[in-house]
Amino acid sequence: MHLWKFTRGYVKIRLYCDRPERMVNLLLAEGICLHSIGRMSLHELTAIVRLKFFMQLCEIVGAHGGDVSLIEEHGLPVYLKLLKSRPMLAITLIIGFISILFASRRIFIINAVGCDGVSEEKVLNVLYEHGVSVGVGQAELEIKDLSKAVLDSDDRIGFADVRVNGVVLTAVIREVNSIVLPEGDDAPSSIYADKDCVIVSIVAEDGNAVVKNGQAVKRGQTLVSGDITPEGAETPVKVRSKATIFGQVAYRFSVEIKPTAARLVRSGNSCDYTKIMAFGIGVGSDTPYDQFEVEVTKARWFDACGLPISVCSGQAYELVSGEATLDERTMRETALAEADALIRDTVSTDARIIMKTTDFVWQDDGSLLAVVRIQTIEKIGYSRYI
């Protein structure tokens, strides 16, 4: 009922006359119904009436020696009249509505959860390589393909699921060596090595430790067995294994950097460029170049009824593929940066690095080979039902 009243429009009035009750009956006889009547004094009252009857009501009351004053206006017709008198406000609201509608069908927040040994950056890079970026349309994404790509990106990932909720895309992963059996689940299980290492410390709370400190183990080898059946017993006894295990793990990473690198360079051609931004979404002027970079020379910001709009202008410079010769310092820095990225993607975040060496080898073709060796102390093992 309230929605219907809002759609038709209504006003709140103050009516003054000698006999307000007779005036209300007179108006009712003319088809004008007053609502929410409030008595202010002997000759004065307030009421609500439909917007379309307001002028007719004023004429009738005035003809009988009364007076009407307008207190408030409400409803859709009132707002439409206001928008009609203020075109810029109407345009701003329309742009805002279209922007919100447009934004609701795109991805603006990308994150990954469940990362332990596998870095969040690596998962996000996999999504980026498969077309996920800020502002991409949800209809352009194949969620099943994204989940499979994340799952196949690293052997340590045992489960991957990409989900979209509103404008948020989340990659949920579970790592093989981070699988924790549900609390209260007493199903028998054993603990296995998730990588080659040398056992530094093993403390078994439940189950039998089948390796010793200082022993080298291979990936997949049993570390703590949930089978604690006494020798000679006919009935097997199995428990859920629990243990804290640390191992010393050796890693070797190698990166080769070529003496030249393909890079985009300016061709010398340029043109004027203008870009309008709103809600993080930009629309730029057309350029005749496939690849270009922009140098902004002027930027202006507008606040149209709370909507942030910016207009940037400058020059667009054409970029073409070219070969650039790298100096020794750049090659070393590039090699170290790529090696560090490999380390972050491979080594568990809770690992403690106890040794790190880096060797550079210059090859006959002028390329640089960087070999990084590290040793860590980190938690070892994953649980599996038996």
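These remarks concern the structure in this document. Just so you know, these numbers come straight off a predicted model, no measurement behind them. (Residues numbered from 1 in each chain as written. Predicted model: local features only at pLDDT ≥ 70, side-chain atom pairs only at ≥ 80, totals over all residues. Heavy atoms only, no water.)

The next thing to look at is the overall build of the protein chain. Within the protein chain, the regular secondary structure consists of 8 helices and 20 strands. Contacts in the protein chain between residues at least 24 apart in sequence constitute 65% of all its contacts with a sequence separation of at least 6. Approximately 23,600 Å² of the protein chain is accessible, and the part contributed by carbon and sulfur atoms is 54%. (Helix = DSSP H or I, 4+ residues; strand = E, 2+ residues; numbered from the N terminus. Contact = heavy atoms within 4.5 Å. Areas by Shrake-Rupley, 256 points an atom, 1.4 Å probe, with all protein chains shown as cover.)

Spatially, 5 strands are ordered β11-β9-β13-β19-β18 in an open sheet, and the strand pairing comes out antiparallel. In this open sheet, the two strands that pair with only one neighbour each are β11 (216-217) and β18 (352-362). Pairing of strand β13 (residues 242-257) with strand β19 (residues 368-379) involves 12 bridges; the strand directions are antiparallel. Residue pairing across strands places F246 opposite K379, the latter belonging to β19. Strands in contact with helix α8 (residues 328-346) are β13, β18 and β19; relative to β13, the strand with the most contacts, it is inclined by about 155°. (Pairing = 2+ DSSP bridges. Axes fitted to C-alpha atoms, helices over the stretch in contact; angles between N-to-C directions.)

All right, on to the pairing of strand β9 (residues 197-206) then. Consecutive residues of a regular strand have side chains that alternate between opposite faces of the sheet. Summarising the sheet, β9 and β11 pair through 2 bridges and their orientation is antiparallel. Bridging across to β11, V198 finds its partner in A216.

Our next topic: the environment of Y382. In this fold, Y382 is placed in strand β20 (residues 382-385). Residues Y382 and S190, 192 residues apart in the sequence, show an inter-C-alpha distance of 8.3 Å.

The subject of this paragraph is the packing of aromatic side chains. For any two aromatic rings, the description comes down to two numbers: the centre-to-centre distance and the angle of the planes. Per the stated rule, a full pass over the model turns up 3 aromatic pairs. Consider the rings of Y192 and Y382, whose centres lie 6.0 Å apart with planes at 35°: the pair is tilted. Placement of Y192 in strand β8 (residues 189-192) and of Y382 in strand β20 is noted, with a sequence separation of 190 residues between them. The buried category is assigned to Y382, whose relative accessible area is 13%. Note on Y251 and F253: the rings are 6.0 Å apart at their centroids and 10° apart in plane angle, and the pair reads as stacked. Both residues of the pair, Y251 and F253, count as buried. (Phe/Tyr/Trp six-rings, centres within 6.5 Å; stacked < 30°, edge-to-face > 60°. Buried < 20%, exposed > 50% of the residue type's maximum accessible area, 1.4 Å probe, protein only.)

This next bit is on helix α3 (residues 54-63). All buried positions along α3 are accounted for by F54, L57, I60 and V61. Taken down its axis, α3 places every buried residue within 125° of arc, on the same side. Those residues of α3 that are exposed and aimed more than 90 degrees away from the buried face are M55, E59 and A63. Of the surrounding secondary structure, the elements contacted by the buried residues of α3 are β1 (10-16), α2 (20-29), β3 (44-50) and β4 (67-74). One or two positions beyond α3, positive phi appears at G65, with a value near 80°. (Arc of directions from axis to C-beta.)

Before going further, it helps to examine the pattern of salt bridges. Scanning the model with the defined rule gives 16 salt bridges in all. The partner of D152 in a salt bridge is K148, with the nearest N and O atoms 2.8 Å apart. Highlighted residues: D152 and K148, both in helix α7 (residues 143-152), separated by 4 residues, approximately one helical turn. For the pair formed by D152 and K148, the shared burial category is exposed. D365 is the salt-bridge partner of K258, the closest N and O atoms lying 3.8 Å from each other. Highlighted residues: K258 in the loop between β13 and β14 (260-278) and D365 in the loop between β18 and β19, separated in sequence by 107 residues. Note on K258: relative accessible area 43%, which makes it partly exposed. For D365, a relative accessible area of 47% gives the class partly exposed. (Salt bridge = Lys/Arg side-chain N within 4 Å of Asp/Glu carboxyl O.)

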